[in-house]
Amino acid sequence: MKRKHFLSFCLLVPLLASCGGGGNIPITTEDYGHTLSMSGDEFKILQLTDIHWCLSTNIPRQKEYMDLLVEKTNPDFIVITGDSLFTATKNIASALYDYIDSLDIPYAVVYGNHDMQGMWSNAWMNENVVRENAALSILNDEIPGFTNWYIDIEKDGETIWQLFGIDSNSYQQDGVSYDYGYIHEEQVDWYESCVKEGVPSLGFIHIPLQEWKKAHEEDPDGIIGEMTEGNSPSSTPSAFFESAKNHNMKGIFCGHDHANDWNGLYEGVVLGYGVKCGKELYYGVSEDGYDITGAALYTIRSDKSFQIRHIYLDNDTFEFTGDVSWEDSAL
Amino acid sequence: MKWFHEHEQKVYTYLLSLFFIPLSLMVFTGAYHFIGDLLDFSHFVYFLPVYIGYILLPMILEVGLYYLARPHQEKGFRTSSLVLGILLSFFGLLLVALTSGYIASSYYYSPVMATVNAIFPIDLIIYGILAICLGIPLILRSLLDKKPLENWKFYPRSKKSWAIFPFALFYLLIAFYMLGGFLLGFDYANWEEASFGLMIPTYLIMLFIPGLLGAFVIIYQNISISSLSGWKKFYVLWSPLGFAIILNLLLLVTNLIDPNVYVHCGKPYFPIDFEGSLNVAPLVLSAFSFIGAIAVPLLTLKKKEA
């Protein structure tokens, strides 16, 4: 092959190859699922969100901080709802998931808009996240987003709850600016293929849906908690809420807006924010003067009811400054 | 010592090229964390040693080596040597003092936090000591060794050339960042992403920007443009602009095919885009490739031939 033809070949082949889709690997719905057991009548889910470890993070201290939250709540499962890192390095990202895995509690992750914004490749991060105690699989599929998963919560061999993690994707180009990502149609189809009819479920995402904004705008008195910054969903609507509502999803919980700390019922589904974990990047301060930092705990029960609890832990003093809970029936 | 005197200019030239790659990796890493703090500079004090060790010292070293390897006259060489020596020693000392102070006061929670790399922040102390070890001999060289510079090639500069110094400095910073990103890209690249191929023009421009700098120092500064004639002169002078046009057209096409190409594949290189939610990467790539491609022939035409 002549040299110039070889050069053209080297440049054009990957360029053209990239215009097509990826390979078709047969993946079944079951490949996305994991099973965990409810031993008594309750199953506790600890939500850690927007941890944002970065170069300036005092890692040993932040581990102690999270230790306190875990000790206080004694969860059966930990869900990390995105933005765990921020322009960090592989060493920092490894340290975080080394720690999470060392807790010896099943965990799963949904990525936020910042999780791939660091000194690593997507593949490296996907491998880094899936450790021994991870109850999620990141598959090489055609569905948008990496972290789409579900967990069947079984009691006496029967699935009595389902948990869903849906990747809200990171960004999308919008002219000269970037808009936040959203849950795509293919993900909604995937979700519907994983739903067990009649089984109640909770959903975990990073970027709120437009319904969060609507819930606040249409019935500001109906939300319980504090809103100290605006809601920032994608400007692209998603069909996920409508589908979730029709498939017995009882609550959807997100992160993203660090300073928002509320739950509310919207069209029969509880929509809520988790509590930002730690002080990295920015955080809110409540009207009562305590920092809105800590974690959220969801207790699902065999009678199909659930409780939401927000625990506030000061990042400087390591003192618990608040602990509030709501029954789903009260929202 | 005699050997060093005979080959001193070559030594600086080789060091100038040799250091470019590792320094670019350092600048990329430093700039990455600088960008991470751009929102409010709330961690500026915390990151200060990183900025000094990873951005400032590499920049000083590369610029200083350039002036040592390309002196405009003998006096200029001694001044450059003295200034470089003082700057390296001062900032090296400052880096050692700051980092040691941060560790001693537990502001850095451990001598080996292993965040930026496996030995961070001890590496900053090592960089500081190395800078001092380079700086002191340069000061001594300038003050004590008055031997005439025999067989040196000088590069005459007009007084106006200082006017472009800040721009050249900024171009060097961008060139370092792009090369560092390109090289680390072998580790960070999302090869398995469907749109990876669309990143190729971006990678080529990331290489083109520092490449122009290299071409200018190695080729354009050493050719006698007046000895070239006709088309040859035209090709030599304007081929960088031709490359820039082709690469930018490819960049445009790939961004039109997939406007989200950087969302899928560019996050490790262009964190500033996703922090400010502004798609500035293509503009930076395009602007600096054209600036370099136009500056090289113009500076070549304007240069004073020795």
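Residues numbered from 1 in each chain as written. Chains lettered and ligands numbered in written order. Predicted model: local features only at pLDDT ≥ 70, side-chain atom pairs only at ≥ 80, totals over all residues. Heavy atoms only, no water.

**Focus: the pairing of strand β18 (residues 320–327) of chain A**
All names here are of chain A.
Now for step 1: Here 7 bridges tie strand β17 (residues 306–313) to β18, and the two strands are oriented antiparallel to one another. Across the sheet, I308 pairs through a bridge with W326, a residue of β18.
Now for step 2: Where β17 folds back onto β18 in an antiparallel hairpin, the turn is made up of 6 residues, including F318, whose phi is positive at roughly 60°. (Pairing = 2+ DSSP bridges. Helix = DSSP H or I, 4+ residues; strand = E, 2+ residues; numbered from the N terminus.)

**Remarks on the domain arrangement of chain B**
All names here are of chain B.
Now for step 1: Annotation of chain B at the domain level lists domain 1 (2–144) and domain 2 (161–305).
Now for step 2: For domain 1 versus domain 2, the separation of C-alpha centres amounts to 25 Å.
Now for step 3: At the junction of the two partners, domain 1 supplies 24 residues and domain 2 supplies 25 residues.
Now for step 4: Across the interface of domain 1 and domain 2, roughly 2,100 Å² is buried in total on both sides, 79% from carbon and sulfur atoms.
Now for step 5: Three residues, F20, F28 and I35, lead the burial of domain 1 against domain 2; their summed loss comes to 30% of the area buried on that side.
Now for step 6: Where domain 1 touches domain 2, the interface holds 0 salt bridges.
Now for step 7: Between the two partners, domain 1 and domain 2, sit 5 residue pairs in polar contact (both at pLDDT 80 or more).
Now for step 8: When contributions to the side of domain 1 that touches domain 2 are tallied by element, the ones reaching two or more residues are α1 (2–36) and α2 (44–69).
Now for step 9: Of all the elements, α1 adds the most residues to the side of domain 1 that touches domain 2, at 13 residues. (Domains from an automatic or database assignment. Contact = heavy atoms within 4.5 Å. Buried area = accessible area lost by both parts, 1.4 Å probe. Salt bridge = Lys/Arg side-chain N within 4 Å of Asp/Glu carboxyl O. Polar contact = N/O pair within 3.5 Å; in protein donor to acceptor, adjacent residues only side chain to side chain.)

**Some remarks on the interface of chain A and chain B**
Now for step 1: Taken together, the contacts link 37 residues of chain A with 48 residues of chain B.
Now for step 2: Between chain A and chain B, a total of about 3,500 Å² is buried, with carbon and sulfur atoms accounting for 61% of that surface.
Now for step 3: Inspection of the region where chain A meets chain B yields 1 salt bridge.
Now for step 4: D187(B) is paired through a salt bridge with K90(A); the nearest N and O atoms lie 2.8 Å apart.
Now for step 5: Our enumeration of links across chain A and chain B arrives at 15 residue pairs in polar contact (both at pLDDT 80 or more).
Now for step 6: Looking at the side of chain A that touches chain B, the elements that each hand over two or more residues are α1 (3–17), α2 (59–73), α3 (90–102), α4 (122–129), β7 (171–174) and β8 (177–180) of chain A.
Now for step 7: Its residues assigned to classes, the side of chain A that touches chain B shows 17 nonpolar, 19 polar and 1 charged. (Nonpolar A, V, L, I, M, F, W, Y, C, P; charged D, E, K, R; others polar.)

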